Amino acid sequence: MAATLIDGKKVAAQIREEIKAEVAQLRENGIVPKLAVVLAGDDPASVVYARSKEKSCGNVGIEFELFTLPGTAAEEELLALIDRLNKDESVHGIMIELPLPKHMSKQRVLEAVLPVKDVDGVHPINRGYILSGGDGLFPATPQSCIEIMLRSGIELKGKNAVIVGRGETVGKPLVFMLLNQNATVTVCHTKTADLGYHTRQADVLIAAVGRAKMIKADMIKPGAVVVDAGINQLENGICGDVDFENAKEVAGAISPVPGGVGSLTTVLIQKNVLKAIKLQQKK
Ligand code: NAP
């Protein structure tokens with residue numbers, strides 16, 4: 001393997017220790033950080049994600065409460081629950097698990113969460129702060145892409161960064177987060193002519209597509225940094241959007257899947273809970 005491995009688990013462990021220390025300090029000052037997760041319906045993957053968040057919050061001393069509503073609940077019921085959590089001063093962060101039941105408006109529900117408690121970074125006000133460089137709560141996965149590089153000693157200033165994928169969750173927020181790091185940013189998508197031409201210009205190539213192993217070794221500039229945000233379910237486990245086995249022979253540094261970007265998501269949501277506390281104290 002020519003490339004250096006960008007180790008998401010190691011970076012996550014480092015952030016987890018920082019969170020533990022900050023939570024201990026808050027608790028000494030009488031503040032018990034709390035994350036509320038709202039689950040409407042019985043999507044099995046959402047139940048698994050919620051339970052895994054509960055476990056990892058327990059590991060760092062963040063209190064966790066899961067609120068469930070049946071899939072048949074009216075949207076008004078969910079909005080009333082969010083309103084109650086918005087007003088509850090013991091709750092610092094609120095996450096709404098997606099997908100919502102089909103009869104509910106995702107936009108109305110996500111916009112109902114108070115921006116200073118929106119630890120998923122999905123409220124339009126927080127999205128706006130990414131553009132303006134303001135102090136908000138930012139989505140975990142694109143943040144993970146940045147954090148995994150910075151904490152692995154990879155400089156972004158002045159680099160040609162190419163993102164493949166312009167999805168709402170990862171690609172789009174990442175454009176402005178990379179600009180805020182002074183990278184020069186190109187974004188590719190399904191209508192991009194000659195994708196390989198663009199990816200080969202990248203000093204830093206980020207894949208956020210959702211197509212297993214679509215970034216091949218010959219699409220990578222020798223020595224480039226490759227960060228894979230993709231998660232694709234295969235019969236024998238998960239894989240990323242990058243053809244890791246061949247890409248690692250060309251790249252200078254590369255993040256694996258699993259063990260890369262995805263390893264940071266939960267700790268960055270927890271970091272957002274701590275940031276939310278600061279934002280709420282400022283209000
Ligand atoms: P998305 O909304 O489905 O967006 C996918 C993007 O990829 C679109 O912009 C699409 O282009 C582009 N695309 C698809 N096929 C392409 C191709 N052949 N060539 C060039 N571009 C192509 O996805 P997302 O929600 O942003 O998620 C992206 C990936 O990140 C997925 O693998 C997802 O599982 C993963 N993810 C990971 C985490 C984590 O914790 N690590 C969290 C969230 C998501 P168009 O816009 O032209 O259609």
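Residues numbered from 1 in each chain as written. Predicted model: local features only at pLDDT ≥ 70, side-chain atom pairs only at ≥ 80, totals over all residues. Heavy atoms only, no water.

Named according to an unreviewed UniProt entry, the protein is Bifunctional protein FolD originating from Desulfotomaculum copahuensis. Quoted verbatim from the Subunit (unreviewed entry) field of the UniProt record, the comment on the protein reads "Homodimer." (UniProt positions renumbered as here; feature names shortened; annotations may be inferred.)

Outline the site of the ligand, supporting the account with residue identities and numerical values.
The ligand sits among 20 residues. The nearest are Thr141, Arg166, Thr190, Gly210 and Arg211. Between the ligand and the protein, one listed contact pairs an oxygen atom with a side-chain N or O atom of Arg166 at 2.7 Å. In the complex, the protein chains occlude 71% of the 940 Å² of accessible area that the ligand would expose alone. Of the residues belonging to the shell around the ligand, the class tally is 8 nonpolar, 10 polar and 2 charged. (Near = heavy atom within 4 Å. Polar contact = N/O pair within 3.5 Å; in protein donor to acceptor, adjacent residues only side chain to side chain. Areas by Shrake-Rupley, 256 points an atom, 1.4 Å probe, with all protein chains shown as cover. Nonpolar A, V, L, I, M, F, W, Y, C, P; charged D, E, K, R; others polar.)

Pulling in residues and values, what's your account of the pattern of salt bridges?
Applying the stated criterion across every chain yields a total of 16 salt bridges. Two residues, Glu18 and Lys271, come together in a salt bridge whose shortest N-O distance is 3.8 Å. Highlighted residues: Glu18 in helix H1 (residues 8-28) and Lys271 in helix H10 (residues 265-282), separated in sequence by 253 residues. The class of Glu18 is partly exposed, set by a relative accessible area of 34%. On the accessibility criterion, Lys271 (32% relative accessible area) is partly exposed. A cluster of three or more residues bridged by salt bridges with shared partners is formed by Glu18, Glu147, Arg151 and Lys271. (Salt bridge = Lys/Arg side-chain N within 4 Å of Asp/Glu carboxyl O. Helix = DSSP H or I, 4+ residues; strand = E, 2+ residues; numbered from the N terminus. Buried < 20%, exposed > 50% of the residue type's maximum accessible area, 1.4 Å probe, protein only.)

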